[in-house]
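Listed below, chain by chain, are the residues.
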Amino acid sequence: MRKLTVLPLASATFFMVSGGPYGIEELVQHCGYKLALAVILLVPIVWSLPTGMMVAELSAAIPAEGGFYVWVRRGLGPFWGFQEAWLSLVSSVFDMAAYPTLFVVYLRRVWPAASSGHKGPIIASLVIAACVLWNLFGAKAVGDGSIWLAALLLTPFIVVVGAALFRHSPAGTVAQGSDHDWIAGVIVAMWNYMGWDNASTIAGEVHNPQRTYPRVMLIALAAIVASYAIPILAVWTTHVPPSSWTAGSWADIGSAVAGPWLGFVLVIAAMVSTFGILNSLTLSYSRLPLALAGTGQAPAAFTRTLSNGAPWVSLVFCGLAWTAALGLSLDRLLMLDILLYGASLILEFIALVALRVREPDLPRPFKIPGGLLAAALVGAGPAALLVLAAIRNHDEKLSGTSALSIGLILMAAGVAVYFVLNRRPAQSSGSAGSFR
């Protein structure tokens, strides 16, 4: 089996977390340029860096396929391990059905007929199928491909930066205003900086994970911060007003600073971004049914893999589930994504502390400095931001029901499913009481 090295894993992680500057536009709209740049630089210190350090320590100490599911199960037991996997897989339904739909939205800008009749759902289904097929070639193929996809994605933004800085075309006047909604901006930034633990699920397919993961976390974080901050800073010099920054507005901004041709290229790059995100997350999420089956919490069929390590049954199952979800027509809500992801993230930070207590002698090639207290406090920043997001968005609606209520219902469903699945007598092998 060919394994992932630093650059391919860092590129895949880049897409798992970010996928480039797309999605950050509303941060400028909410905050204006100065505050938006401050949020871009400060949020990762409180939100991403602690998560990256936690992922680096646990991935290096327990480099197992299934990543965060294995950590939580080992540290907190099978019940919480199952909840960790449940939260991730349920949230994937919202995420993974949204990306191919967004792909069609961008495609429609260059081919208006893309969404007419049944074309939209068919194209979205083909995008999912293409990612499943790519993943059948193994993790190394996805990682290597992510390098090229990242290059294709980021090249137009290099042109944006160059055109903005050197041509300095005044596209308008900057009106910062005083009605900034910095909390809304922070929530947008949190969503654009989350997903670091997704890289952990493929640890069994990573070369020398003890050294690779800490380096990958730093490289990916630096690349993502730069991909957000530098284009926004450059466009600021062109006097594009913050009110022009709306969801999906990069093509319009590119047209304003360099001409319609760049707007067209940025639409193509947006399609590359959505495909790259979907492809990398397919790699990550498909390892969860495999890991669940390995501990007896999912059908044994999910353990079937190809010679390159690709879990083909899990890939096909996930692809079919995401394709079926296309018909739900669910809008992605930042609150719902952050709530489900945040709950799983808190479990990971708790598992970090539990493993420090239960297994103090576990070899940790990378270790968060400062002892047990530092390990306990490292999750305080992310937890505080999650509470802030929940308070700020408790009234956000999805089909007439608050996103918070839907999230809590989905969490409760995970508890019910666990007990239904465990009504059968415990088996001798892979017993439910095993933490390893």
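Above this text sits the structure in question.
Residues numbered from 1 in each chain as written. Predicted model: local features only at pLDDT ≥ 70, side-chain atom pairs only at ≥ 80, totals over all residues. Heavy atoms only, no water.

### So, the packing of aromatic side chains
How we decide: Note on aromatic pairs: the rings of Phe, Tyr and Trp (six-membered ring only in Trp) are paired at centre separations within 6.5 Å, and the planes decide the class, stacked below 30 degrees, edge-to-face beyond 60, tilted for the rest. Helix and strand definitions follow DSSP, with helices as H or I runs of at least four residues and strands as E runs of at least two, each counted in order from the N terminus.
Applying the stated criterion across every chain yields a total of 18 aromatic pairs. Aromatic side chains Tyr33 and Trp245 sit 6.0 Å apart centroid to centroid with 85° between the ring planes, which places their arrangement in the edge-to-face category. Here Tyr33 is found in helix α2 (residues 25-61), whereas its partner Trp245 is found in the loop between α8 (209-236) and α9 (250-258), with 212 residues between them in sequence. Judged by centre distance (5.3 Å) and plane angle (80°), the rings of Tyr418 and Phe419 are edge-to-face.

### Concerning the packing of α2 against α8
Rules: Under this scheme, a helix contributes an axis fitted over its contacting stretch, all axes are lines through C-alpha atoms, and angles between N-to-C directions fall in the 0 to 180 degree range. Here the angle decides the label: under 35 degrees means roughly parallel, over 145 means roughly antiparallel, 65 to 115 means roughly perpendicular, and every other value means oblique. Gly is placed with the polar residues, together with every amino acid not listed as nonpolar (Ala, Val, Leu, Ile, Met, Phe, Trp, Tyr, Cys and Pro) or charged (Asp, Glu, Lys and Arg).
Put simply, α2 and α8 touch, their axes get as near as 9 Å, and they point 175° apart. Between α2 and α8, the angle is such that the two are roughly antiparallel. A breakdown of the residues in the contact of α2 with α8 according to their chemical character gives 22 nonpolar, four polar and one charged.

### A look at unusual backbone geometry
Within the chain, Asn208 stands out as a residue other than glycine whose phi angle is a positive 45°. Looking at where Asn208 falls in the secondary structure, it is placed in the loop between α7 (182-192) and α8. Positive phi values are uncommon outside glycine, yet His239 reaches one of about 70°. Along the chain, the position of His239 falls in the loop between α8 and α9.

### Section: the environment of Ala85
Stated precisely, the cut-off is as follows: In what follows, a contact means two residues having at least one pair of non-hydrogen atoms within 4.5 Å.
Mapped onto the fold, Ala85 is located in helix α4 (residues 78-110). Every residue in contact with Ala85, bar those within four places of it in the chain, is listed here: Tyr69, Leu288 and Leu292.

### Some remarks on the pattern of salt bridges
Opposite charge on two side chains allows them to pair when their charged atoms are near. Quick reminder of the rule: One speaks of a salt bridge when a side-chain nitrogen belonging to Lys or Arg is within 4 Å of a carboxyl oxygen belonging to Asp or Glu. With a 1.4 Å probe rolled over the protein chains alone, any residue whose accessible area is under 20% of its type maximum counts as buried; one over 50% counts as exposed, and the rest are partly exposed.
A full pass over the atoms with the stated rule returns seven salt bridges. Across the salt bridge formed by Asp252 and Arg109, the nearest N and O atoms sit 3.3 Å from each other. Note that Asp252 is positioned in helix α9 and Arg109 in helix α4, a separation of 143 residues in sequence. For Asp252, a relative accessible area of 47% corresponds to the partly exposed category. A salt bridge links Asp144 to Lys140; its shortest N-O distance comes to 2.9 Å. Here Lys140 and Asp144 lie together in helix α6 (residues 139-167), a separation of four residues that amounts to about one turn. The buried category is assigned to Lys140, whose relative accessible area is 16%.

### Here we look at the nonpolar core
For the record, the criterion: We call a set of buried Ala, Val, Leu, Ile, Met, Phe, Trp, Tyr and Cys residues a nonpolar core when their side-chain atoms join them within 4.5 Å.
By size, the foremost hydrophobic cluster in this structure holds 127 residues, and its most contacted members are Tyr22, Trp47, Tyr193, Trp245 and Trp250. Residue contributions to this core peak at 15 residues, all from α2. In this structure, Tyr193 is in contact with Val17, Ile40, Val43, Pro44, Trp47, Ser48, Ile224, Val225 and Tyr228, ignoring residues within four places of it in sequence. Ranked by size, the runner-up nonpolar core spans 11 residues in total, among them Leu87, Phe94, Ala343 and Ile406.

### Observations regarding the side chain of Gln297
Here Gln297 is to be found in the loop between α11 (287-294) and α12 (312-325). On the basis of relative accessibility, which here comes to 9%, the residue Gln297 falls in the buried class. If we skip the residues at most four places from it in the chain, Gln297 touches Tyr69, Arg73, Pro78, Phe82, Leu292, Tyr418 and Leu421.

### Points about the packing of helix α1 (residues 6-17) against α8
Note the following rule: Should the near helix be turned anticlockwise from the far one by less than a right angle, the crossing is left-handed, and should it be turned clockwise, the crossing is right-handed.
Running from N to C, α1 and α8 point in directions that differ by 50°, and their axes come no closer than 9 Å. Put simply, α1 runs oblique to α8. For the crossing formed where α1 meets α8, the hand is right-handed. Between α1, through Val6, Leu9, Ala10, Thr13, Phe14 and Val17, and α8, the contact on the second element is made entirely by Thr212, Tyr213, Arg215, Val216, Met217, Ile219, Ala220, Ala223, Ile224 and Ser227. Along the lines of polarity and charge, the residues of the contact of α1 with α8 split into 12 nonpolar, three polar and one charged.

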